[in-house]
Each structure stands twice: as structure tokens, then as C-alpha cells.
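Architecture at a glance
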Amino acid sequence: MKEAFGGIFNIVFVVIFLVIVIGVLGLVFSYTKAFKMKNAIISVIEEYEASGCYPEIAGGSTDTPCRNKIKQEAQGLAYNPVSLNCKETLCSKNGGMCKAGDVYCYEMTTKTKDDGRQYAVFKVVTQVDISFPIISRIMGLEFFQVAGDTREIQLQG
């Protein structure tokens, strides 16, 4: 009987080890997907020189070529985070936008150079697609966000 309990403990340890390994592999896969999405968004914003990439600020349509390409990139990567929780400071200052159901949020920082032209740098934030309620409550969703900046883009006008 004593040997039977020893076997059960060994099985429990193996199961716990496998759950941890599979969880880490899933987290690495999700982080990789979020990094690829962030890089895709930054390249699209730079490609379109931010034209039509932030229509919410001007009250325009969100159905622009830039936004459509970002949606295509998200579909191509199968990137759809459960909930994108951007920091309030990121979403509210300097024209930053964050909408529920969107695949990213951004902060636009503008500056005027000596020649009088306005330039903007976009800080893009994507969310790692993780749906482990216990882990997300313990570590917080802010831990699972990936951020990156675009190069300086000259604003039109």
C-alpha cells in the first residue's frame, strides 16, 4: 500500500510539471504573436505615414486603407486579444486613443522642429492574448503588454 501512494505522488508531480511547461510554451507563443502584431502595426503606420491611421482624433471614419491593412495583418496573424486594457495615461494624453475591441492602442506625441514642421511619434501598445484568469489577476494585464515606437513621421498640414 505504501508503494501505491508513492506512485500517485510521482504522477501528480509529472502532471504539475507538464502543466507548467505547456503554460510557459503557450505564453511564449502568445508573446511572439503580440510582438509580430506590434511590428506589423508600426510598419503599416510608417508605410502610410500615419495618414488615416488615427481617424478617431479628427472624428473621421475608421474605415481607412491604413486601418483596413492593420485589420488584415491581425487576421493574418490570428491576433485577437480578449481585452485590450491600455493605461489611462496612455489613452488620454497627447491624443492617444484606446477603444474596446480594437487590436491596439497608441499614444501620439507631436513636436515642432526648427523648420516649423510638425512631427509625430506613435507609441503602439498591443496586448498578449492570454486567457488564464488566475495568472492575469495575479500578475495584472499590464505585464502582458508589448509596446514600441515608430520613427518620426511628418504630419500633413
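To keep things clear, this report deals only with the structure shown in the data block. (Residues numbered from 1 in each chain as written. Predicted model: local features only at pLDDT ≥ 70, side-chain atom pairs only at ≥ 80, totals over all residues. Heavy atoms only, no water.)

Details of helix α3 (residues 65-77)
With 13 residues, α3 should reach 18 Å at 1.5 Å per residue; the first-to-last C-alpha distance of 18 Å fits that figure. Here α3 has its buried residues at C66, R67, I70 and A74. With its buried residues spanning 95° around the axis, α3 presents them on a single face. Of the exposed residues in α3, those oriented more than 90 degrees away from the buried face are P65, Q72, Q75 and G76. (Helix = DSSP H or I, 4+ residues; strand = E, 2+ residues; numbered from the N terminus. Expected span 1.5 Å × (residues − 1). Buried < 20%, exposed > 50% of the residue type's maximum accessible area, 1.4 Å probe, protein only. Arc of directions from axis to C-beta.)

As for the pattern of salt bridges
Summed over the entire model, instances satisfying the criterion amount to 4 salt bridges. Between K69 and E47 there is a salt bridge; the shortest N-O distance is 3.1 Å. Taken together, the positions of K69 in helix α3 and E47 in helix α1 (residues 2-47) put the pair 22 residues apart, joining distant regions of the chain. The exposure class of K69 is partly exposed, given its relative accessible area of 24%. Between E152 and K111 there is a salt bridge; the shortest N-O distance is 2.6 Å. Of this pair, E152 sits in the loop between β3 (145-149) and β4 (153-154) while K111 is found in strand β1 (residues 105-112), placing the two residues 41 residues apart along the sequence. One continuous salt-bridge network, built from bridges that share partners, spans K111, K113 and E152. (Salt bridge = Lys/Arg side-chain N within 4 Å of Asp/Glu carboxyl O.)

Overview of the nonpolar core
M37, I41, I45, I70, V103, Y104 and F122 are the most contacted members of the largest nonpolar core, which totals 25 residues. It is α1 that contributes the most residues to this core, 7 residues altogether. (Core = buried A, V, L, I, M, F, W, Y, C linked by side-chain atoms within 4.5 Å.)

Brief notes about the environment of V44
Inspection of the secondary structure assignment puts V44 in helix α1. V44 sits in the buried class, given a relative accessible area of 2%. Sequence spacing of V44 and K69 is 25 residues, and the spatial spacing of their C-alpha atoms is 7.3 Å. Ignoring anything within four residues of it in the chain, the contact list for V44 reads C66, K69, I70 and E73. (Contact = heavy atoms within 4.5 Å.)

Focus on the packing of aromatic side chains
Under the definition given, this model contains 1 aromatic pair. The aromatic ring of Y119 is capped on one face by K113, whose charged end is 4.8 Å from the ring centroid. (Phe/Tyr/Trp six-rings, centres within 6.5 Å; stacked < 30°, edge-to-face > 60°. Lys NZ or Arg CZ within 6 Å of the ring centre and 35° of its normal.)

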